[in-house]
Every structure is written in C-alpha cells, then in structure tokens.
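Per-entry structural report
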There are 2 protein chains.
Amino acid sequence: MPEQPPPRLDDIDAHLLDLLQHDAGRTLHDLGEHVGLSPSAVQRRIARYRRDGLITGQVAVLDPHRLGPTVLAAVLVTLDRESVEYHRAFAERMRSDRQVQQCYRVAGPWDYVVVLAARSTRDCGRLGDRLFKADGNVRRYETLMVFDTVKTGLALPLPAPEPSR
Amino acid sequence: MPEQPPPRLDDIDAHLLDLLQHDAGRTLHDLGEHVGLSPSAVQRRIARYRRDGLITGQVAVLDPHRLGPTVLAAVLVTLDRESVEYHRAFAERMRSDRQVQQCYRVAGPWDYVVVLAARSTRDCGRLGDRLFKADGNVRRYETLMVFDTVKTGLALPLPAPEPSR
DNA sequence: CTCGGGCATGCAAGATTATTGCGTCTCAGC
DNA sequence: GCTGAGACGCAATAATCTTGCATGCCCGAG
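The rules behind the values
- Here the residue numbering is sequential within each chain, running from 1 through the sequence in written order.
- Whichever chain is written first becomes A and whichever ligand is written first becomes 1, with later ones labelled in order.
- The model is predicted, so local features are restricted to residues of pLDDT at least 70 and side-chain atom pairs to those at 80 or more, both for listing and for counting; the totals for chains, interfaces and linings are taken over all residues.
- The basis for every side-chain value is the complete set of heavy atoms in the structure, and neither hydrogens nor water enter the calculation.
- An automatic or database domain assignment provides the domain bounds reported here.
- Side-chain rings of Phe, Tyr and Trp (the six-membered ring for Trp) are treated as a pair once their centres are within 6.5 Å; stacked means planes under 30 degrees apart, edge-to-face means over 60, and tilted covers the remaining angles.
- Secondary structure counts use DSSP, requiring at least four H or I residues in a row for a helix and at least two E residues in a row for a strand, with both numbered from the N terminus.
- Here's how the labels work: a residue is buried when its accessible area is under 20% of the maximum for its type, exposed when over 50%, partly exposed in between, all with a 1.4 Å probe on protein chains only.
- For helices, the fitted axis covers only the stretch in contact; all axes are lines through C-alpha atoms, and the angles between them, taken along N-to-C directions, range from 0 to 180 degrees.
- Angles are sorted into four bins: roughly parallel if under 35 degrees, roughly antiparallel if over 145, roughly perpendicular if 65 to 115, and oblique for all others.
- Handedness of a helix crossing follows the sense of rotation of the near helix relative to the far helix, less than a right angle counterclockwise being left-handed and clockwise being right-handed.
- Two residues qualify as a contact provided that any one of their heavy atoms is within 4.5 Å of a heavy atom in the partner residue.
- In this count, Pro and Cys sit with the nonpolar residues alongside Ala, Val, Leu, Ile, Met, Phe, Trp and Tyr, while Asp, Glu, Lys and Arg are called charged and the others, Gly among them, polar.
- One less than the residue count of a helix, multiplied by 1.5 Å, gives the span that helix is expected to have.
- Note: the arc covers the axis-to-C-beta directions of the helix.
- Buried surface area refers to the total accessible area, computed with a probe of radius 1.4 Å, that the two partners give up upon joining, counted for both partners together.
- Salt bridge, as used here, is a side-chain nitrogen of Lys or Arg placed within 4 Å of a carboxyl oxygen of Asp or Glu.
- Think of a polar contact as two N or O atoms within 3.5 Å of one another; within protein, one of them needs to be a possible hydrogen donor and the other a possible acceptor, and neighboring residues in sequence only count if both atoms come from side chains.
- As used here, the term nonpolar core means buried Ala, Val, Leu, Ile, Met, Phe, Trp, Tyr and Cys residues forming a set that is joined through side-chain atoms within 4.5 Å.

Structural notes on the domain arrangement of chain A
- Looking at chain A, the domain boundaries give domain 1 (11-51) and domain 2 (64-145).
- Of note, the centres of domain 1 of chain A and domain 2 of chain A, computed from C-alpha atoms alone, are 36 Å apart.

With respect to the packing of aromatic side chains
All names here are of chain B.
- What the rule picks out here adds up to 6 aromatic pairs over all chains.
- Taking 4.4 Å as the distance between ring centres and 40° as the angle between the ring planes, the aromatic pair formed by F90 and Y112 counts as tilted. With F90 in helix α4 (residues 84-96) and Y112 in strand β4 (residues 112-118), this residue pair connects regions lying 22 residues apart in the sequence. Taken individually, F90 and Y112 each receive the classification buried, so the pair is uniform in this respect.
- Considering the side-chain rings of F132 and Y141, the 5.0 Å spacing of their centres and the 45° angle between planes classify their relative orientation as tilted.
- What makes F132 buried here is its relative accessible area of 1%.

A word on the packing of helix α1 (residues 11-22) of chain A against helix α2 (residues 28-35) of chain A
Residues and elements named next belong to chain A.
- It is the contact of α1 with α2, at a shortest axis distance of 10 Å, that shows an interaxial angle of 135°. With respect to α2, the element α1 is oriented oblique. Crossing handedness for the pair α1 and α2: right-handed. On the side of α1, the interface is formed by I12, H15, L16, L19 and L20, while α2 contributes L31, H34 and V35.
- Among the residues making up the contact of α1 with α2, the classes are represented as 6 nonpolar, 2 polar and no charged.

So, helix α5 (residues 121-133) of chain A
Residue and element names in this part refer to chain A.
- Helix length check: α5, at 13 residues, gives a terminal C-alpha distance of 17 Å against a target of 18 Å (1.5 Å per residue), a fit within 8%.
- Here α5 has its buried residues at D123, C124, L127, G128, L131 and F132. Buried positions in α5, seen along its axis, are confined to an arc of 140° and lie on one side of it. Opposite the packed face of α5, turned more than 90 degrees from it, sit the exposed residues R122 and K133.
- Contacts made by the buried residues of α5 are with β2 (71-79), α4 (84-96), β3 (100-106), β4 (112-118) and β5 (138-151).

Details of the interface of chain A and chain B
- The interface is formed by 68 residues belonging to chain A together with 68 residues belonging to chain B.
- In total, chain A and chain B occlude about 6700 Å² of area from one another, counting both sides; carbon and sulfur atoms represent 60% of this.
- Broken down residue by residue, the surface that chain A buries against chain B is led by R66(A), V150(A) and K151(A), which jointly contribute 12%.
- Counting the contacts that link chain A with chain B gives 2 salt bridges.
- Linking D18(B) and R98(A) is a salt bridge whose minimum nitrogen-to-oxygen distance equals 3.1 Å.
- Summed over the shared surface of chain A and chain B, the result is 42 residue pairs in polar contact (both at pLDDT 80 or more).

Looking at the nonpolar core
- Within the largest apolar cluster, 55 residues are counted, with the highest numbers of intra-cluster contacts made by L17(A), L144(A), L17(B) and L144(B).
- Excluding residues that lie within four positions of it along the chain, L144(B) makes contacts with L76(A), V106(A), A107(A), W110(A), V113(A), A73(B), A74(B) and L76(B).

Right, dumping it as structure tokens:
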C-alpha cells in the first residue's frame, strides 16, 4: 500500500505551502510573519511536509531565453500497439532524456503529451526523430512549436481557508 | 531593448546551474565540492545568475496526490478571432487563474496548450467551462485528461562541457 | 617584453539563518 | 478531572551565508 492518506492540512499549512511553492527562498522568520507563527514552528511544519513527501523537492527556475537560444515544443504522441511493456519502455525513454521536460499520459486519441526543450527548431526536429521516429512503436506524433510562454510553473491550487471550524 | 545578450557560461556555470535546477536546497559548501570551488565563489556566481535574470526564482515542488485528490489536464485551445487584443485578454486570464499551471501559445491549428490542475474530474469540467466556454472568443477546445504523470519539472538542458578552448 | 586594470578566487571574520532542547499550553479520550 | 499527544514560543547552539581583503591570472596597451 504505497499510497498513504493525505495528511490533514489546516489553513496555516495551506498558506505556508502556497508561499513556498512560489518562493522557497524566504527565511523562516519571514514566512512566520506571513502566517503568524514563530520561525521554529514554521521550520517544524516544513520538516513535516518533507517527511510526509508533500514537498518533493526544491528547485531553481531558469529563464530559458537567458540561457541562450531556446525552443520549446509540445508534442502529441500516439503509440502503435498498446502493450503494457511498450508503454513502460516509452515512459522510461521520456524520463531519461534531459530534453524532455514533462510527459503526461492522457485520455483520448492521443496517448501522451510531451514538452520538449531544444536549442533550435532544427535541434527540435532531430530530437523528435530520435525520440519518436526511431521508436518503432510510435504510430503518429504532432509537434506544436511554442511561440510564447504565457505562464509556466508547477504550482498547484491549494484549498482555500475553510470558513467553518 | 529588454533583451540582453545571454551572459557567457563556462563549464562550471553549466554544472552549477544544472545542480541548482534539480535541487536548490544544497549548501554552498556542498555545491562547491561538486564543481570544485569554495563556498564563497559559488555564492558569488549564484548571486550573478540572479542579477542577470538567469535564475528567475526558487520554488518548492509539491506532490499533487499527497495534497489530496488532484486531477491534471492538458487542454488544446483555438480562439475564434485572431485580434491581438483578444490574445492579450486570453493570456491575462490564464496568468491570473491559480488552477492554470502552464500556458503556451503554439503554432499550428491550435492556438494554445494549457495545463490545468483541479480537484476532481467534475471540478475540471467546470474549470474548462469557466475559462473557455464563458470566453466568447474560444472557438473550440479539447481536454486531454491526464492519467499519469510520467515526468514533470521545469529543468532545461544545459550545454555540455565544451572540449575546445 | 613589461606593466596595469579587471576579474575571479580562497580565506577568514562577521552577520544571518536554521535547528533543537525545554517548559507550557490546548485538546481529545478516558 | 486526569493524562498523553502534539504544537507552540523562547532561547541557546549550530550551521550557513555574506563580505572584506589580499592574491593570482589573463589580456590588452604601451
């Protein structure tokens, strides 16, 4: 039973997590002022989030275009045969490629949505060939080149403070 | 001239940035050991990345399913009329909604790819209605419910160490 | 070839921040 | 009303970050 019940979160937890998922660089003192707790109480809560696996990591977000020429693309993919083994192999390939930023298995006619990061349109094309054409089991894929990133992030909506209790 | 030329990055910069975009919680000492620098040198480089806008932020990553029931979806959207003003309004709506995790404007028959986070399939449906149906200018949208997150993150591929120079 | 400025580094204070022990408080269960 | 678990604040301690300073390297000017 790898799935544990989600730990209960009070309003302060929600507030804290929301602050952290937008800026994890703040001090415990600063966080404490926003949520109305002492630094040590904040620290203990955050330690608990980590223990519970609620916070899985802490990452620096880079600006793609400051890093040099960068091209993003969303790719829709449909596999040929539906065997579990083929899906596993495909997923593993996605996970292990550094240019694959995100990969979701989805419902509907498409099997996967993949977000790629490349250094040029040309590079992006080659990457698609390598990831999807070379794989004998991809029936079809469609590349949606990204013109513009309107919004990015991994932030999740947190339950609003409950009026009751 | 808002676009400045990307600052030059040596191999140590690439290594450091790569470490940081996977785990921004390490100490300067720890980072220094990996790249072969003292903590203070590491600190100064990181400060420079921030100044240059290369590192735009530092965020905590939450586990969607530990947070409670969570449903993700990728939505493909095509606007009705192509006026600049309509696009601006749509983009602004995406940016300001907490349940919109990511939004890309793309090439091809679809105008946008949007990633949503909701608390249930039902909630996701309502969210789609609110974001896209209520907007009189959305011609058509297609919701790809996410079964499984194969890979997630915002990490970008960094230039491999150049042998020359 | 030599000199000098710019820049990055390491080291060592000094300042800030994180962690932990301890006593207190609240609340649920008995 | 009692008891134990859990969360809190405070304060001391530990760890980490920040900064001043002297040194070394690279490169262009003279």
